[in-house]
Amino acid sequence: MHDLSLLDDPGAVAPIAFAPPPLVARRPAQLVGNTPLLWIDQPFAQPGKGFFAKLEGRNPGGIKDRPALHMIRQARGRGDLLPGAPIVESSSGTLGLGLALAGQTYGHPVTVVTDPGMEPAVVRLLGSLGAEVDQVEVPHPRGGWQEARRERVAQLLAARPGAYCPDQYANPDNVVAYRPLAGELTAQLGRVDVLVAAVGTGGHSAGIAAGLREASPGLRVIGVDSVGSAIFGQPPGTRLMRGLGSSIHPANVDYAAFHEVHWVAPAEAVWACRRLARRHHASGGWSVGAVALVAGWAARTMPPGTRIVAVFPDGPFRYLGTVYDDAWCEQHGLLGGPPPQEPRTVRSYDECRATSWTRCTEVVDPLRRSPDVLVAR
Ligand SMILES: Cc1ncc(COP(=O)(O)O)c(C=O)c1O
């Protein structure tokens, strides 16, 4: 059983090891974690080959319920967040939902700073859960929407004494929060050979990889990013996909952990999302589609018996007006044929500007930061 007292004691150290779920949850936060795995094979891989999808959409809000609760618990424990003080954070939605849960759990008002790309359903859901949504109206001339959101967060923090920003891009607690997820995978599968994970702040790929390596030292980590994302050195561009990708270079990205990175285009993610829904019932949004595409390729090309885990960060509902809407997809030119069987492979991130599925076998921090500037693992 989870230790119920952890929710009541603001100073309690977070549980960072795998723990079985309670039979009866007394607080919604106790519904976070212990998500199931689903085997995915055709049409992504031939019969007998496939990958395990970790269904993080089964959490109350999505994968970011985990770091939201952990970051807030730790901030309270350190005294960075005083009882009842406001929480302000930039989010494309998933962390916002997690913070709404953390705010209810620990008694803090929550403001989620976002941009006009946030799906109306998420704006409404956040409001229903008691969070305030603050939408910036124009992108930053160089740093895009993400930078505009960060500037707005700074303004709100200055205007609200005692307000706390978890800063998911650089907060090490965002990484540590995924230790239990790694523990769950080890309990579910024993050995894991390949981890396929989307990258936005870098939190879940870094935390799960670090945790998994303890039981699976030979782990191979494949990062999945969006075309137009700057994280792995590509020039920033307009991005239709939300969740994965960034116009900045977050300190939480553990560049050294990745063996390769794949950039995926929106039409390719849409194809994968829709195939997942049709064939396996379990689906999700942009990052789920992109990760499934890459995990399917890994399953096709790696020896039988390779244990591949793909992290599915959320479920499909907030994407009903985008990924799963024929008219919207038609309007954005996303309903072409299936993606190629293989990505284009390049040796270095600056070899080309990726506009469709591209794989790079050498991963470096494009800012060449020293490891002590990046968040320590
Ligand atoms: C739906 C979704 N997928 C993937 C990611 C990327 O995860 P991370 O920030 O842990 O790298 C995010 C981040 O916001 C997300 O919301």
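Residues numbered from 1 in each chain as written. Predicted model: local features only at pLDDT ≥ 70, side-chain atom pairs only at ≥ 80, totals over all residues.

- The name recorded for the protein in an unreviewed UniProt entry is Pyridoxal-phosphate dependent enzyme, from Streptomyces anulatus.
- Of the comments in the UniProt record for the protein, the one headed Cofactor (unreviewed entry) reads "pyridoxal 5'-phosphate". (UniProt positions renumbered as here; feature names shortened; annotations may be inferred.)

A look at the packing of helix α7 (residues 179-189) against helix α8 (residues 203-215)
- Put simply, α7 and α8 touch, their axes get as near as 8 Å, and they point 40° apart. It follows that α7 is oblique to α8 by the angle criterion. Viewed along their axes, α7 and α8 form a crossing whose handedness is right-handed. On α8, the residues touching Arg179, Leu181, Ala182, Gly183, Leu185 and Thr186 of α7 are Gly207, Ile208, Gly211, Leu212 and Ala215.
- Its residues assigned to classes, the contact of α7 with α8 comprises six nonpolar, four polar and one charged. (Axes fitted to C-alpha atoms, helices over the stretch in contact; angles between N-to-C directions. Helix = DSSP H or I, 4+ residues; strand = E, 2+ residues; numbered from the N terminus. Parallel < 35°, antiparallel > 145°, perpendicular 65-115°, else oblique. Left-handed = near helix turned anticlockwise from the far one by under 90°. Contact = placed C-beta atoms within 7 Å. Nonpolar A, V, L, I, M, F, W, Y, C, P; charged D, E, K, R; others polar.)

Examining the environment of Thr301
- Inspection of the secondary structure assignment puts Thr301 in helix α10 (residues 286-301).
- A residue is classified by how many C-beta atoms lie within 10 Å of it, and Thr301, with 12 of them, is exposed.
- Remark: the alpha-carbon pair of Thr301 and Glu362, spanning 61 residues in sequence, is separated by 19 Å. (Buried ≥ 20, exposed ≤ 12 C-beta atoms within 10 Å, placed from the backbone.)

Considering the pairing of strand β9 (residues 308-312)
- Among the five residues of β9, five are classified as buried, and the element is accordingly described as predominantly covered.
- Across four bridges, the pairing between strand β2 (residues 51-55) and β9 is parallel. Bridge pairing in β9 links Phe52 to Val309.
- With three bridges connecting them, strand β6 (residues 194-198) and β9 associate as parallel partners. (Pairing = 2+ DSSP bridges.)

Looking at the domain arrangement of the protein
- Assigned domains of the protein: these are domain 1 (37-59 + 173-360) and domain 2 (65-170).
- Computed from C-alpha coordinates alone, the two centres of domain 1 and domain 2 are separated by 25 Å.
- Across the boundary between the two partners, domain 1 contributes 24 residues, which contact 20 residues of domain 2.
- Of the residues forming the side of domain 1 that touches domain 2, the biggest block, three residues, is contributed by helix α6 (residues 172-176). (Domains from an automatic or database assignment.)

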